[in-house]
Amino acid sequence: MILNAYQRNRQNPEELDDASLGKVVKLESLLKFCNEIEDLPKAFFIAVICIHAVSTASLQIEEKTYGKITQMDSIRPWETLLRRLRVCLLVSLRLSGEVDSGGFNPMTVSSVSKPGTFSTYAWIAKDELTLSHENQVLMAMETAYM
């Protein structure tokens, strides 16, 4: 798909301008989809496939455009997304999916990226409290951290 768009652009340059071609090379529509999807494992799986496809195709395009479209610029958004997905997956697994006490905000990469939507401190507190509910253990942990 990526190489096909590039070939079409070379045959008919007015069909896709450089900005649109850059969006196609980076698969921006799939990037946005992975940012919004609530199924984090599926988003991670799609992102891994996409970064591989973008990396392979953009390397070939970089050679053909003499660096006008670079591989590093093309995969950078996917690397950022994968890093954020790993954090979201870790938090979601540690808290057994209970990341929002109200249940109004499902965990997605885009919702975690918005300030004020989720509290990192609340996540840490929930994680610590799930370790034990016994008062003696909690007091021992508190004194150990002071």
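Residues numbered from 1 in each chain as written. Predicted model: local features only at pLDDT ≥ 70, side-chain atom pairs only at ≥ 80, totals over all residues. Heavy atoms only, no water.

(A) Region of the structure containing the pattern of salt bridges. Going through the model one piece at a time under the given rule, you end up with 2 salt bridges. Residue Lys42 is joined to Asp39 by a salt bridge in which the shortest nitrogen-to-oxygen separation is 3.9 Å. Residues Asp73 and Arg76 are paired through a salt bridge, measuring 2.9 Å at the closest nitrogen-oxygen approach. Taken together, the residues span about one helical turn, with Asp73 and Arg76 both in helix H5 (residues 71–94) at a distance of 3 residues. For Asp73, a relative accessible area of 39% gives the class partly exposed. (Salt bridge = Lys/Arg side-chain N within 4 Å of Asp/Glu carboxyl O. Helix = DSSP H or I, 4+ residues; strand = E, 2+ residues; numbered from the N terminus. Buried < 20%, exposed > 50% of the residue type's maximum accessible area, 1.4 Å probe, protein only.)

(B) Quick look at the packing of helix H3 (residues 28–36) against H5. For the pair H3 and H5, interaxial distance at closest approach is 11 Å and the crossing angle is 10 degrees. In this view, H3 runs roughly parallel relative to H5, as classed from their interaxial angle. Of the residues in H5, those in contact with Leu30, Leu31, Cys34 and Asn35 of H3 are Pro77, Trp78 and Leu81. Its residues assigned to classes, the contact of H3 with H5 comprises 6 nonpolar, 1 polar and no charged. (Axes fitted to C-alpha atoms, helices over the stretch in contact; angles between N-to-C directions. Parallel < 35°, antiparallel > 145°, perpendicular 65-115°, else oblique. Contact = heavy atoms within 4.5 Å. Nonpolar A, V, L, I, M, F, W, Y, C, P; charged D, E, K, R; others polar.)

(C) Region of interest: H5. Compared with an ideal rise of 1.5 Å per residue, which puts 24 residues at 34 Å, H5 spans 34 Å between its outermost C-alpha atoms and is within 8% of the ideal. Along H5, the largest kink reaches about 25 degrees and is centred on Pro77. Of the positions making up H5, those classed as buried are Gln71, Ser74, Ile75, Trp78, Leu81, Leu82, Leu85, Cys88, Leu89 and Val91. Looking one or two residues beyond H5, the residue adopting positive phi is Ser96, at roughly 55 degrees. (Expected span 1.5 Å × (residues − 1). Bend = angle between axes of the 7 residues up to and from the residue.)

(D) Molecular detail of the state of the cysteines. Tallying each qualifying case throughout the model produces 0 disulfides. Just so you know, Cys34 is unpaired, no disulfide at all, and the nearest cysteine sulfur is the one on Cys50, 5.7 Å from it. Overall, the relative accessible area of 6% leaves Cys50 in the buried class. (Disulfide = S-S within 2.5 Å.)

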